[in-house]
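Structure at a glance
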Amino acid sequence: MKNGTKKLNVVLWLIAFAFTAFAIVKGSYINDTEVVRVGMVSTKRYVATRDIVDRNATERLKQEARDSVGPLYTLDDGVMEDSIRDIRIFFDNLNDTFILSEEDSDIYTIPSKSSLNIPVAITAEQYYTYYLLSDAAREALKNDICDITEFVFGQGITDETMDKALTLAINEIEEYGLPLNEASLAQNIISAVLAPNLVPDEEAMELARTHRESLVEPKMVLNGQKIVDEGEVITQDIYDILEDLNLINIDYSSGSMPIAAAIVLTAIVFIAMAIYMKGQYRGLLDKRSTSAIIFASYILTIGVLFVLSDLAQYYMIPLYIFPVLVSIMVGAKVAVVLNIFMCIGATFIFNGGVDFLLFFVITGSFLALIVRYTRRRRNIIAVALGGAAVSFISIVAVKLFVEGGYSKELIIMGGYSALVTVITIMLAIGSLPVWEAVFKIDTPYKLMEFTNPNNELLKRLMIEAPGTYHHSLIVANLAETAAYDIFADGTLARAGAYYHDIGKLHNPQCFAENQNGKNVHDTLPPEESASLILEHAIYGMQLAKEHKLPNAIKDFICEHHGTSLIKFFYFKASKEYGEADEDDYRYPGPIPQTRESAIVMLADTVEAAVRSVISSGKSHDEVEQMIENLIKDKLNDGQLDDCGLNLKELRQIRESFMKVFNGMYHDRIVYPDEEEIKKVRKK
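Residues numbered from 1 in each chain as written. Predicted model: local features only at pLDDT ≥ 70, side-chain atom pairs only at ≥ 80, totals over all residues. Heavy atoms only, no water.

**Details of the overall build of the protein chain**
The helix and strand inventory of the protein chain stands at 29 helices and 6 strands. Residues classed as buried in the protein chain amount to 43% of the 683 residues present. Contacts in the protein chain between residues at least 24 apart in sequence constitute 77% of all its contacts with a sequence separation of at least 6. Working note: accessible area of the protein chain is about 35700 Å², and carbon and sulfur atoms make up 57% of it. (Helix = DSSP H or I, 4+ residues; strand = E, 2+ residues; numbered from the N terminus. Buried < 20%, exposed > 50% of the residue type's maximum accessible area, 1.4 Å probe, protein only. Contact = heavy atoms within 4.5 Å. Areas by Shrake-Rupley, 256 points an atom, 1.4 Å probe, with all protein chains shown as cover.)

As structure tokens, this is what we get:
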């Protein structure tokens, strides 16, 4: 790539990015947002632009579901076991006090709370009553208290049911019929050891809450639903919904964060696009006209989107004008990829959702692929209707996917989308003359005009050099077939083949296909013959300039021989003079720079050779082997180094050539002569 072209491309890409960033900043995101606060009166009616979840209402429903889960408990057997053990130890300690009192002859000393393991305040009456009991009665009282305690624990005790458990213990004591002092002692002991043995099971409760919460259906705000009306107070719930829909901003600093993020993402997209173009289409941007076309069509599309960014019905925006124009003027593959990149940036500008991105990526890519069929006029209407059908189906399917429901409005949307698609295709094709004139480009439609046999140069070629004209027609058939088979530009290959030899209009008798038995080179020295042959490329360029042929066709005229050696006259000179300067017998070039130009070179070489051997009775395999050798010769000579063809494509080109030759030189039926017919009639 020339340094000037490289700088131009960098400048154009920077301008395109800057324009996109400006459109994002000034686009529908800012236009759709307004600074509001909780508690202020709404200045307009707000309606949901898409389905979203009402976060606050949903959270309240979830909290209610969690709160509806009652306490869940687990039984702690250790609490009862500890209490029973404490009761038994209590009585053992109490019995020990009696022994000590008798030894000191002071049975009136009532033990304090601190001297017992259970903090029970024992009255004198209770103490003396228990003291007077026999050992068997004491053991029975202890067992009764333990049984009552075990029974109460068996009913389960929680923090909330402690009073109920104590009441139950008192009732049980009464059921046992204990004397008053013993009953009051039992009540004091049991009330001291009772404790909750049902403890909350936090893990089980959390699982239950989570399950209840999972059953809650989100509270939705539906597309088109009123959020708040003009004059109504904006509550926190309303504010949060408006914020989720990006319809408001708290202030410019918070609103700028999404915009900054969008610009950063767009920058990444531009970098990815530049890397892709450089890696996959290295030579595409070498031509300034190609860079200018992509840039101009992109700016035009983004400009249209920016102007229409307030339009709620995005399917009425002709965003696919970009892939359509690029497909026609540059190529379908490039258009499909660039359309994807462009749609991402457009989504930020329009503040669109996934439906916006899906619709334009799918529809734009499809139109980029089918619009190339409009090169034939009869296909224009079919392509327009096909594009309209795809647009209709795409918008309906995308809306069904995003919104999840059918409505009659979908059919109306599809109708508008189809109409916009038809208008877009017609405008794109109709505007081609302007693009061709402004950017000096050669679209397929322009090239097709030059393939008309009524063109002045082709008519001259047919009259003044009929052999060359016939040769050019066959080369065109070969080149177009091969180009289509390897997915190159067949129209360009045919147009280039028609004009590649127009330089032979100067001294047409110097070329074998125009000679009638007399060869002028028989009387000329080899260097002069070579000079006459070499001149046809130079004179062809002069004619191309005089008749203002497209630049793409001019490339075929000077490249179809590349820097090949005119072997016949070189060897003739070497034989006559002992040695010859090879450079004097080579074409000036350059070698083919495109796949189409290389195809025409190969078709030109192969046609002349095959025509010369077909009449000699060569077999199909011999002809195919000769074609393969001729292609290898061009490859080994370096003539195909810059064209971009790979070995697989060269093999396909050879097969395509054989397909055409088989149709041209197939075996014909041998018809009977008149004598044979007469004999049959007599019989």
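Now that the structure has been shown, we can carry on.
**As for unusual backbone geometry**
In this structure, Phe487 takes a positive phi of about 65° despite not being glycine. Position of Phe487 among the secondary structure elements: in the loop between helix H21 (466–485) and helix H22 (490–499). Phe487 sits in the exposed class, given a relative accessible area of 65%. One non-glycine residue, Lys548, lies in the positive phi region at around 55°.

**Considerations on the confidence of the model for the protein chain**
Residues shown with low pLDDT carry predicted positions that ought not to be read at fine detail. Summarising the model, the protein chain shows a mean pLDDT of 83, and 89% of its residues fall at 70 or more. Under a pLDDT of 50 for its full length, residues 103–107 has, in the predicted model, 6 contacts with residues more than four places off or in other chains. When the criterion is pLDDT under 50, residues 250–254 qualifies, and its contacts beyond four places in sequence or with other chains add up to 4 contacts. (pLDDT = per-residue confidence, 0-100.)

**A few points about the nonpolar core**
If you look at the biggest cluster of nonpolar residues, it comprises 62 residues, and the most contacted ones within it are Tyr314 and Phe360. At 11 residues, the largest contribution of residues to this core is made by helix H14 (residues 332–350). (Core = buried A, V, L, I, M, F, W, Y, C linked by side-chain atoms within 4.5 Å.)

**Side note on the environment of Asn514**
Along the chain, the position of Asn514 falls in the loop between H22 and helix H23 (526–546). Relative accessible area serves as the criterion here: at 15%, Asn514 is assigned to the buried category. As a C-alpha pair, Asn514 and Pro466 span 48 residues in sequence and 6.7 Å in three-dimensional space. Excluding residues that lie within four positions of it along the chain, Asn514 makes contacts with Ala465, Pro466, Gly467, Thr468 and Pro508.

**A look at the packing of H23 against helix H24 (residues 551–559)**
In the contact formed by H23 and H24, the axes pass within 8 Å of each other and the chain directions differ by 165°. When the axes of H23 and H24 are compared, the pair comes out roughly antiparallel. The handedness of the crossing between H23 and H24 comes out as right-handed. Listed contacts from H24 to Ala537, Gly540, Met541, Ala544 and Lys545 of H23 are Lys554, Ile557 and Cys558. (Axes fitted to C-alpha atoms, helices over the stretch in contact; angles between N-to-C directions. Parallel < 35°, antiparallel > 145°, perpendicular 65-115°, else oblique. Left-handed = near helix turned anticlockwise from the far one by under 90°.)

**A short note on the side chain of Thr58**
Structurally, Thr58 is set in helix H3 (residues 55–67). The residues contacting Thr58, other than those within four sequence positions of it, are Val53, Pro218 and Lys219.

**As for the packing of aromatic side chains**
The full count for this structure, using the stated rule, is 18 aromatic pairs. On the basis of an interplanar angle of 70° and a centroid distance of 6.0 Å, the ring pair of Tyr314 and Tyr315 is categorised as edge-to-face. Across the pair, Tyr315 and Tyr314 agree in class, each one buried. When the centroid spacing of 4.9 Å and the interplanar angle of 70° are considered together, the rings of Phe359 and Phe360 count as edge-to-face. Look at Phe360 and you get buried, because its relative accessible area is 1%. (Phe/Tyr/Trp six-rings, centres within 6.5 Å; stacked < 30°, edge-to-face > 60°.)

**Some thoughts on the packing of helix H6 (residues 135–154) against helix H7 (residues 162–176)**
Contact pair H6 / H7: the axes reach a minimum separation of 10 Å and the direction vectors enclose 140°. In terms of their interaxial angle, H6 and H7 are classed as oblique. Considering only the axes of H6 and H7, their crossing is right-handed. Contact with H6, carried on its side by Asp144, Asp147, Ile148, Phe151 and Val152, involves Ala165, Leu168, Ala169, Glu172, Ile173 and Tyr176 of H7 and no other residues of that element. Here the residues of the contact of H6 with H7 sort into 8 nonpolar, no polar and 3 charged. (Nonpolar A, V, L, I, M, F, W, Y, C, P; charged D, E, K, R; others polar.)

**Concerning empty space enclosed by the protein**
One pass over the full model with this rule turns up 3 cavities of 30 Å³ or more. Taken as a whole, the largest cavity holds about 180 Å³ of empty space. Forming the boundary of the largest cavity are 14 residues, of which Trp13, Ala16, Met273, Ile294 and Phe295 lie nearest the centre. For the lining of the largest cavity, the secondary structure elements donating two or more residues are helix H1 (3–25), helix H11 (252–280) and helix H12 (288–307). Partitioned by chemical class, the residues of the lining of the largest cavity number 12 nonpolar, 2 polar and no charged. (1 Å grid on protein atoms, 1.4 Å probe; cavity = no way out; pocket = protein on both sides within 12 Å on 5 of 7 lines; lining within 4 Å. Points joined across faces, edges and corners; volume = space filled by probe spheres on them.)

**Section: H22**
Along H22, 10 of the 10 residues are buried, which leaves the element largely enclosed by surrounding structure. What H22 keeps buried is the set Gly490, Thr491, Leu492, Ala493, Arg494, Ala495, Gly496, Ala497, Tyr498 and Tyr499. Its side-chain oxygen 3.2 Å from the backbone nitrogen of Thr491, Asp489 forms the N-cap of H22. (Polar contact = N/O pair within 3.5 Å; in protein donor to acceptor, adjacent residues only side chain to side chain.)

**Points about the environment of Ile566**
If you trace the backbone, Ile566 turns up in the loop between H24 and helix H25 (567–577). Sequence separation of Ile566 and Arg586 is 20 residues, and the distance between their C-alpha atoms is 6.0 Å.

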